[in-house]
Amino acid sequence: MSAITIARGDGIGPEIMQVTLDVLAAAGAQLDISEVEMGEAVYQQGEPTGISEAAWELLANSPVLLKGPTSTPQGGGFTSVSLQLRKQLGLYASVRPCVSYFPYVHTRYAAMDVVIIRENEEDIYGGVEYRQTTDVVQSIKWVSRPACEKIIRYAFEYARRHGRRKVSAFTKDRIMEFTDGFFREIFLEIAQDYPELVYEHQSLDIGTARLTSHPDKFDVIVIPNLYGDILSDLVAQITTGSVGLTGSANVGDGCVMFEAIHGSAPNIAGEDIANPSGLILAGVMMLVHLQQIEVAEKLKNAWLTTLEEGLHTADIFREGLSFQKLGTREFGQAVIERLGRKPRHLSPVYLSKQPTPTAFAYRRPDIERELMGVDVFLDWTQGSPEMLAKRLPTLEPTETGEAWTLEMISNLGVVVW
Ligand code: NAD
């Protein structure tokens, strides 16, 4: 028995969670389930995180969470439940397999089979922003060595254990030499520890263009937070034509959260038409994590067989391609009826027989440090940069008696003096 915690969520959450729990049980998953409440009901009790104290206590001792989608109220300072969980539980990697089910699900990207591993904690997601001057505001982008090492090592370990052959990193290192350049440098460094895997770094723009023109050239992609946020939604949508077909894992040192990639879809809630596949596939990823591999394979194969037989929910149903349109519960029942069968054409995905390590030792490198100077932001409206430069030599010397020397004046990254 493996202990897990579930949260049913909002909107279509309870419907797709029930179907997911039913197919997991029918496949023979050995799960000891505790349930917590997250989302709308908790927000309404006045808790701005949408997560109750009781839920946090339970999560502290439960390393696996299967979460239904939750709604975030607009305005009023409410924060998304998933974002809170990622931050508080240190879920540093978002793992999203984006797979085409061509020709059974319509797609223009028949060859897409990539896993996008997105850094989850850093970049500009700290939400720390400043007003530099009256006219200029700034957002801070953080990139740290421990976080880069962890996400990049996780990506290579994932590739190694899931029979993948190549790891690609996308950044804008030519524009952001310090932050993205740091990510690229650490990527190239860590790649040396995995000689059996091919690796490459590409510029985000070129890499994204190549991914959409030649998806077969990509395998595992490791990517900083913001770029990964956009790329993973985009690729999941163009690959399958519906957000309802993709599951994801949010991985931390001590806890892993599994969820569908979509939201609570309030526009179709209660209609029994939502596609439960994203959460079912998140459940399959959870079974692999819990090392219930045979059950995971059995469920994945039954799900592939259902798709292959054209039994589709409304979001992917197409006249001439699909055989029958099913509701949420009917789809779950169809999967259960196919347990024990294997797809005839879609290839069953290789499921790792070894867990991917999630915690890695970190040793701070010995680097000599030297004070190079200080940056000062001025709201200067009283004249030209030359006039400003002339005023500065009147500054008091430093504590050690050294005179300040003005090296440069820049405005929005452009050197003006
Ligand atoms: P959404 O993903 O809920 O819906 C976008 C579109 O996709 C809608 O047309 C919806 O009907 C459709 N859709 C989504 N899931 C589907 C499924 N399983 N089957 C069929 N169709 C499906 O995105 P949204 O409308 O922008 O957000 C709705 C709410 O969900 C918001 O409150 C948002 O904050 C929240 N949200 C939560 C999560 C999460 O819990 N991880 C993620 C994204 C959004």
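In what follows, the structure referred to is the one given above.
Residues numbered from 1 in each chain as written. Predicted model: local features only at pLDDT ≥ 70, side-chain atom pairs only at ≥ 80, totals over all residues. Heavy atoms only, no water.

### A look at the overall build of the chain
- From N to C terminus, the chain includes 12 helices and 16 strands.
- Referenced to the eigenvectors of the C-alpha coordinate spread, the extents of the chain come out at roughly 85 × 50 × 40 Å.
- Taken over 417 residues, the chain has a buried fraction of 49%.
- Taking as baseline every contact in the chain between residues at least 6 positions apart, the subset at least 24 positions apart corresponds to 74%.
- Accessible surface for the chain amounts to roughly 21400 Å². Of this, 51% is attributable to carbon and sulfur atoms.
- Positive and negative side-chain charges in the chain, numbering 37 and 54 respectively, have mean positions lying 7 Å apart. (Helix = DSSP H or I, 4+ residues; strand = E, 2+ residues; numbered from the N terminus. Buried < 20%, exposed > 50% of the residue type's maximum accessible area, 1.4 Å probe, protein only. Contact = heavy atoms within 4.5 Å. Areas by Shrake-Rupley, 256 points an atom, 1.4 Å probe, with all protein chains shown as cover. Lys, Arg positive; Asp, Glu negative; His and termini not counted. Charge placed at Lys NZ, Arg CZ, Asp CG, Glu CD.)

### Considering empty space enclosed by the protein
- One pass over the full model with this rule turns up 1 cavity of 30 Å³ or more.
- Put simply, the largest cavity is a space of about 70 Å³.
- Every residue lining the largest cavity is listed: Glu119, Glu122, Asp123, Lys141, Trp142, Val143, Ala147, Cys148, Asp180, Phe183, Pro224 and Asn225.
- When residues of the lining of the largest cavity are traced back to their parent elements, those giving at least two are helix H5 (145-161) and helix H6 (179-191).
- Looking at the lining of the largest cavity residue by residue, the class counts come to 6 nonpolar, 1 polar and 5 charged. (1 Å grid on protein atoms, 1.4 Å probe; cavity = no way out; pocket = protein on both sides within 12 Å on 5 of 7 lines; lining within 4 Å. Points joined across faces, edges and corners; volume = space filled by probe spheres on them. Nonpolar A, V, L, I, M, F, W, Y, C, P; charged D, E, K, R; others polar.)

### Overview of the sheet that holds strand S8 (residues 166-171)
- Pairing is mixed across the open sheet formed by 10 strands, whose spatial order is S2-S1-S3-S12-S11-S4-S5-S10-S8-S9. Among the strands making up the open sheet, the edge pair consists of strand S2 (31-35) and strand S9 (198-203). The sheet shows a mean angle of 25 degrees between the axes of neighbouring strands, direction not considered.
- Inspection of the sheet shows S8 paired to S9 by 6 bridges, in the parallel sense. Bridge pairing in S9 links Ala169 to His201.
- Running over the sheet, helix H1 (residues 13-27) touches strand S1 (2-7), S2 and strand S3 (64-67) and is turned about 130 degrees from S3.
- The strands touched by helix H8 (residues 225-240) are strand S4 (91-99), strand S5 (113-119), S8 and strand S10 (220-223); relative to S4, the strand with the most contacts, the crossing angle is about 25 degrees. (Pairing = 2+ DSSP bridges. Axes fitted to C-alpha atoms, helices over the stretch in contact; angles between N-to-C directions.)

### Topic: helix H11 (residues 328-337)
- Inspection of H11 places Thr328, Phe331, Gly332, Ala334 and Val335 among the buried residues, and these make up the whole buried set. Buried residues of H11, viewed axially, fall in a sector of 160 degrees; they line one side. H11 presents Arg329 and Glu337 as exposed residues on the side facing more than 90 degrees away from its buried surface.
- Looking at the buried side of H11, the elements it contacts are H1, helix H9 (277-289), helix H10 (293-308), strand S13 (311-313) and strand S14 (324-326). (Arc of directions from axis to C-beta.)

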